[in-house]
Amino acid sequence: MTLQHAKLNGWVKEVAGLCRPDSIHWCDGSREEYDRLMKRMVESGVATPLQKRPHSFLFRSEPGDVARIESRTYISTANRDDAGPTNNWVAPEELKATMKSLYAGCMKGRTLFVIPFSMGAVDSPIAKIGVELTDSPYVVCNMHIMTRVGTTVMEKLGADGEFIPCLHSIGAPVAPGQKDASWPCAPLDQKYISHFPEENLIWSYGSGYGGNALLGKKCLALRIASAMAKREGWMAEHMLILRLTNPAGKQYHLAAAFPSACGKTNLAMLTPTLPGWKCECVGDDIAWIKIGPDGRPYAINPECGFFGVAPGTSYDSNPAAMDTVKENTIFTNCALTDDGDIWWEGMGPAPNHAIDWKGRDWTPDAKEPAAHANARFTVPARQCPVICPDWEKPQGVPIDIFVFGGRRTSVMPLVHEAYSWDHGVFMGATASSETTAANIGAVGNLRRDPFAMQPFCGYNMADYFGHWLAMGDRFGKHAPRIFYVNWFRKSPEGKWLWPGFGDNIRVLKWMCERIDGTVGAVETPIGLMPKEGDLDLTGLAIPDADLKELLRIDADAWKAEISDIERHFGQFGDRLPARIRRQLDDLRKRLG
Ligand code: OXD
Ligand code: MN
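Residues numbered from 1 in each chain as written. Chains lettered and ligands numbered in written order. Predicted model: local features only at pLDDT ≥ 70, side-chain atom pairs only at ≥ 80, totals over all residues. Heavy atoms only, no water.

A. Inspection of the sheet that holds strand S22 (residues 361-362) at higher detail. The strand order across the open sheet formed by four strands is S20-S19-S21-S22, and the pairing between neighbours is antiparallel. Bordering the open sheet on either side are strand S20 (342-343) and S22, each of which pairs with just one other strand. Relative to strand S21 (residues 354-355), strand S19 (residues 335-337) runs antiparallel, the two being bridged by two bridges. What sits directly across from Thr337, in S21, is Ala354. (Pairing = 2+ DSSP bridges. Helix = DSSP H or I, 4+ residues; strand = E, 2+ residues; numbered from the N terminus.)

Next comes the structure, spelled out in structure tokens:
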């Protein structure tokens, strides 16, 4: 590869001087490179090839390095208020000094890989280039799948093209003759996932887990990109992108934000249970949205692969994902079966014996699950049988519908629609969910997760609300309609009320009909809801009482919700846009 780029060369030299790797390898993104690295990891016992899935491998992480670590994630801006109350903050000079002392000599005994990558198809006007420096071959192989890596990116970069520098180290030098760990990483109190949005810079140290180490994903495509998008007038969102085609052949594009591990990948690959409807996946996690020449919002999926949560994925819940991971897949923290396949809870019948994610013998009567709750698959998006033919279209797809949601066992109805753009932004700003295993921390606690961006917004969240309001003003008559869904409501006895998965098409169909104006809606204090008979329940045996409960608005519970929203908004002080506060006042009035 030709190395004409003085700034990039200078940066690589500087990092090598600090981290002291034994060698430097410039990645070309080729299959040969992937195979060579994988072969070495198999030989050293770090990766296990799977007999049952061609060209697929299993990795087991260190037990403390299994998820994103929000408590060790920083947005480092000169002014603390610019990071806002929802982000951890340390001043840039202080954070850099701390991290430089950790980086010093941290790659001894290892190779420094230089990964030029593009977020978005290389020829897309919405794409951005990053360069990740890492000492982890596992990261290189995952980046090969999740992003576009290599020669074409270097060509686009030329001698002086813009790139976002992303520095990563697992933080575990190896001395000569020392036996390497199978998943080397640093202890928790030395892990840092740091972002310097004012200079478009990412420094990550100490973790090999995807969300902390594959820096194109959460760090670049969400945290840094959200700050760039605010400055430049576009949007970087934690959203899946889905194309729906109705039986008459009309297309609709929907972008939906749900917190981590709340079913985004399942919705993105939905197999519709209503005849004649078709769903095609454009992306399952991130959307970059810009206003097109016709004034409409256009979205691209900046990624090139899926880094999906494995447990719970099955031929019932997500057949397309199951078919996607048949080959060329990296599995992390799944169980290994005796016939050389992987298994996880919720996939289907348990094997009589397996090796669990910690490498121990496992049988169905074991006390602990065989796979970690946040076990993952990394797989090329092009392998998905329902990938949209336009998923790499440089200009993206036009968005008609925004959806917010979360995991709430009570209060939130199955679906409601915003009265206006501002009301929709209020819905996004107050979105809430029970916490999941995608972050290290307690599971099942209720928290506000505005726009599903709580862990991913690279600047003050109140200003982000303001940015959504401003974008709505710019979209004008092209503004997508906004809906809020909850697939997870339970009866007082704890029974799921909605079948979910492929039956979610019934709710999406109602949204499309709302856009076409072919169905009306009931005005309720919280928003517009389906009229009786308008949700298409053909072929679904759902008891009337369950449907009523799914759509019930409990005024007392909503009053309690208002107090919690006030507390949530309180943290933003005067920075909260008045238009958002007005929405809360309006909701309070409507509730009476
Ligand atoms: C993810 C996450 O991995 O949101 O997509 O944690
Ligand atoms: Mn995500």
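Let us keep going from here.
B. Quick look at the domain arrangement of the chain. Along its sequence, the chain is carved into domain 1 (6-48 + 65-233), domain 2 (305-379) and domain 3 (400-591). Between the C-alpha centres of domain 1 and domain 2 the distance comes to 27 Å. Taken together, the contact pairs 16 residues of domain 1 with 14 residues of domain 2. Both sides together, the interface formed by domain 1 and domain 2 hides about 1,100 Å², and carbon and sulfur atoms give 64% of it. Looking at the side of domain 1 facing domain 2, the largest losses of area belong to Val66, Ile145 and Met146, adding up to 43% of the total buried there. The tally of links between domain 1 and domain 2 comes to zero salt bridges. (Domains from an automatic or database assignment. Contact = heavy atoms within 4.5 Å. Buried area = accessible area lost by both parts, 1.4 Å probe. Salt bridge = Lys/Arg side-chain N within 4 Å of Asp/Glu carboxyl O.)

C. Spatial organisation of helix H8 (residues 216-232). Spanning 17 residues, H8 covers only 19 Å between terminal C-alpha atoms, well under the ideal 24 Å at 1.5 Å per step. Its axis deflected by about 45° at Ala225, H8 carries its strongest bend there. Of all 17 residues in H8, 14 are buried, a share of seventy percent or more. One or two positions beyond H8, positive phi appears at Gly233, with a value near 85°. (Expected span 1.5 Å × (residues − 1). Bend = angle between axes of the 7 residues up to and from the residue. Buried < 20%, exposed > 50% of the residue type's maximum accessible area, 1.4 Å probe, protein only.)

D. Up close: the sheet that holds strand S3 (residues 57-59). The sheet built from five strands is open, its strands ordered S2-S3-S18-S23-S17 with mixed pairing. Each edge of the open sheet carries a strand with a single partner, namely strand S2 (47-49) and strand S17 (305-309). Between one strand axis and the next, the sheet turns through 20° on average, direction left out of account. Bridge analysis of S17 against strand S23 (residues 376-380) gives five bridges, and the strand direction is antiparallel. Looking at the pairing, Gly308 lines up with Phe377 of S23. (Axes fitted to C-alpha atoms, helices over the stretch in contact; angles between N-to-C directions.)

E. The pattern of salt bridges, seen in detail. Applying the stated criterion across every chain yields a total of 44 salt bridges. We note a salt bridge from Glu70 to Arg447, for which the minimum N-O separation is 2.9 Å. Taken together, the residues span a long stretch of sequence, with Glu70 in the loop between S3 and strand S4 (73-75) and Arg447 in strand S28 (residues 446-448) at a distance of 377 residues. Residue Glu70 is classed as buried on the basis of its relative accessible area of 16%. Take Arg447: its relative accessible area is 26%, and that puts it in the partly exposed class. Two residues, Arg575 and Asp463, come together in a salt bridge whose shortest N-O distance is 2.8 Å. Here the residue Arg575 occupies a position in the loop between helix H15 (555-570) and helix H16 (578-591), and Asp463 occupies one in helix H12 (residues 461-475), the gap between them amounting to 112 residues. Connected through salt bridges with shared partners, the residues Lys217, Lys218, Lys264, Asp285 and Glu303 form a single ionic network.

F. Fine view of helix H1 (residues 6-19). The terminal C-alpha atoms of H1 lie 20 Å apart, and with 14 residues this matches the ideal 20 Å at 1.5 Å per residue to within 8%. Among all positions in H1, only Leu8, Trp11, Val12, Val15, Ala16 and Cys19 are buried. End-on view of H1: buried residues confined to an arc of 135°, all on one side of the axis. Exposed residues pointing more than 90 degrees away from the buried face of H1 are listed as Ala6, Lys7, Lys13 and Glu14. (Arc of directions from axis to C-beta.)

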